Amino acid sequence: MTNNYKQHNLVNMDKMLHDAKEGHYAILHINAVNYDWIKVTILTAQETNSPIIVALTEKSMKGIISPVGIAHMVYDIMDTYKISVPVALHLDHGSYDAAVECIKAGFSSVMYDGSKEPIDINIKKTNEILALAKQYDVSVEGEVGAIGGKEDGVTGNGEQANPEECSRLAATGISCLAAGIGNVHGIYPADWKGINLKLLEEIKAHTNNIPLVLHGGSGIPTEQVQEAIRLGVCKVNVGTETLLAFTDALAPYFLSGKHKEGKGFDTRKYFPIGYEGVKQKIIEKLKMIGSFGKAK
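Participant: Can you explain the overall build of the protein? Please cite residues and give values.
Facilitator: Of regular secondary structure, the protein possesses 11 helices and 10 strands. Scaling as 2.2 N^0.38, a compact globule of 296 residues should have a C-alpha radius of gyration of about 19 Å, and the protein matches this with 18 Å. Taken over the C-alpha atoms alone, the protein extends approximately 60 × 50 × 35 Å along its principal axes. Sorting the 296 residues of the protein into buried and exposed places 56% on the buried side. Of the contacts made within the protein by residues no fewer than 6 positions apart, 73% connect residues no fewer than 24 positions apart.

Here it is in C-alpha cells:
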C-alpha cells in the first residue's frame, strides 16, 4: 500500500514543529472522536490560517472506521474544501502494531508510545517504527514517562520522566518527544500540583532542544502552558476541553426543552450547536499557545 498523504496537501509534523520552535509558539493537537470532529478541526484551522494536528487514538478509530478509511476521510476534507494550511494526520498514543498500520494506511504522522516498556525496549521498537516511517516520510513522536490519568484504557500514574532516558530516546531521531512532567489526561484533580517546569527545563537540556510535547493540555493554567512553550514545548495536546465544549454548548438546548419542539430531536438540528462550541474552544487554544494565524 502506498501512503499518498502529500497528494492531498497533508504534511508531517517536522516543518510545523520547526517553525513553532523558531517562532516560540506551539502547534495545537486536537483529539478527534468522529468525522465531524475531524472536519470542524480542519475547517477552523483553515478559517484562522493556523497550522493544526488532527489526531486519533486507536479507540477513537475503532468507533469510526479503519485507519485507511480515516485517512481517506481526511483526504476528502482536504480536497473538497481546498485546505491550504498545514494539517498533519496523527496517531496518538499508538501501540507498535497501530503505528505500523497507520503509517501504511496514509497517516502523515504517528506516535509510538513505548513509555510502559523498559527504556531499552522502547528505544528498540521506536527505531523499528522510525525505519518504516522514513520510507513513507512520516513523522514519529516518542514518549518517556507515562502521562497521568487515563487515555482510552491506558492508565498512567503521572511518572516524572528520567532526563537521561529522554536523551536516549531523543537520540533515535524522532520528530518530537513527549515526557511525563506531572501532566494528566482528562480533568485535573483538585489537589493537582501543576506541571514540573524545573524537570521540563532539565529535559530540554538533555535532549539537544528536540521539540517537546505537552500531553494532557486540557486544564493546565495558561501561564504554565506558556512557560512550558518557552522551555521547549512545540506541541500541545487537547482533547477533554473540546469534549466539554461540545456538551456545554448543547446543554441549554436540552435544558430549555427545544429537543421536544417540532423536529428538535433531529441530530441535524443540534449537533451544529455542539460543533460551534468545539470551534470556539479550538480558536481559544490557538490564541493561547500562539499559533493562531501562523500558517506558512
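The discussion continues.
Participant: Explain the packing of helix 8 (residues 197–206) against helix 9 (residues 222–230) to me, using residue names and the numbers behind them.
Facilitator: Between helix 8 and helix 9, the least distance of the axes is 10 Å, while the angle of their chain directions is 15°. Viewed along their axes, helix 8 and helix 9 adopt a mutual orientation that is roughly parallel. Of the two elements, helix 8 crosses helix 9, and the hand of that crossing is right-handed. Here L197, L200 and K204 of helix 8 lie close against helix 9, whose contacting residues are Q224, E227, A228 and R230. When its residues are assigned to classes, the contact of helix 8 with helix 9 shows 3 nonpolar, 1 polar and 3 charged.

Participant: I'd like to hear about the pairing of strand 2 (residues 52–56), residue by residue, with values.
Facilitator: Judged by how many residues are buried, strand 2 sits mostly within the fold: 5 of 5 residues are covered. Here strand 2 shows two buried faces, one formed by I52, V54 and L56 and the other by I53 and A55. Two strands pair when backbone bridges link them, and strand 1 (residues 27–31) and strand 2 are joined in this way by 4 bridges, in the parallel orientation. Residue I30 lies in a different strand from strand 2, and its bridge partner there is V54. In this fold, strand 1 hands off to helix 2 (residues 35–48), which returns the chain to strand 2; that crossover is right-handed. Pairing of strand 2 with strand 3 (residues 87–94), which is carried by 5 bridges, proceeds in the parallel orientation. Looking at strand 3, one finds that I53 is bridged to A88.

Participant: Describe unusual backbone geometry, and please don't skip the residues or the numbers.
Facilitator: Non-glycine residue H24 carries a positive phi angle of around 60°. Along the chain, H24 turns up in the loop between helix 1 (14–23) and strand 1. Of the residues examined, H24 reaches a relative accessible area of 68% and is grouped as exposed. One non-glycine residue, H93, lies in positive phi territory at about 50°.

Participant: Could you give me a rundown of the sheet that holds strand 3, with the residues and numbers involved?
Facilitator: Strand order in the closed barrel formed by 8 strands is 1-2-3-4-5-8-9-10, and the pairing between neighbours is parallel. Averaged over neighbouring strand pairs, the angle between their axes works out to 25° when direction is ignored. Here helix 6 (residues 119–136) sits on the sheet and contacts strand 4 (109–112) and strand 5 (139–144); the angle it forms with strand 5, its principal contact strand, is near 175°. Sitting on the sheet, helix 8 touches strand 8 (176–179), strand 9 (212–214) and strand 10 (233–238), and the angle it makes with strand 9 is about 155°.

Participant: Requested: an account of the side chain of T48, with residues and values cited.
Facilitator: Within the secondary structure, T48 is located in helix 2. A polar atom in the side chain of T48 sits 3.4 Å from the backbone oxygen of A45. Not counting chain neighbours up to four residues away, the residues in contact with T48 comprise I283, L286, F292 and G293.

The rules we used
- Residues numbered from 1 in each chain as written.
- Predicted model: local features only at pLDDT ≥ 70, side-chain atom pairs only at ≥ 80, totals over all residues.
- Heavy atoms only, no water.
- Helix = DSSP H or I, 4+ residues; strand = E, 2+ residues; numbered from the N terminus.
- Rg over C-alpha atoms; globule rule 2.2 N^0.38 Å.
- Buried < 20%, exposed > 50% of the residue type's maximum accessible area, 1.4 Å probe, protein only.
- Contact = heavy atoms within 4.5 Å.
- Axes fitted to C-alpha atoms, helices over the stretch in contact; angles between N-to-C directions.
- Parallel < 35°, antiparallel > 145°, perpendicular 65-115°, else oblique.
- Left-handed = near helix turned anticlockwise from the far one by under 90°.
- Nonpolar A, V, L, I, M, F, W, Y, C, P; charged D, E, K, R; others polar.
- Pairing = 2+ DSSP bridges.
- Right-handed = clockwise from strand over helix to strand, strands pointing away.
- Polar contact = N/O pair within 3.5 Å; in protein donor to acceptor, adjacent residues only side chain to side chain.

Any functional reading would require information that these geometric values do not contain.
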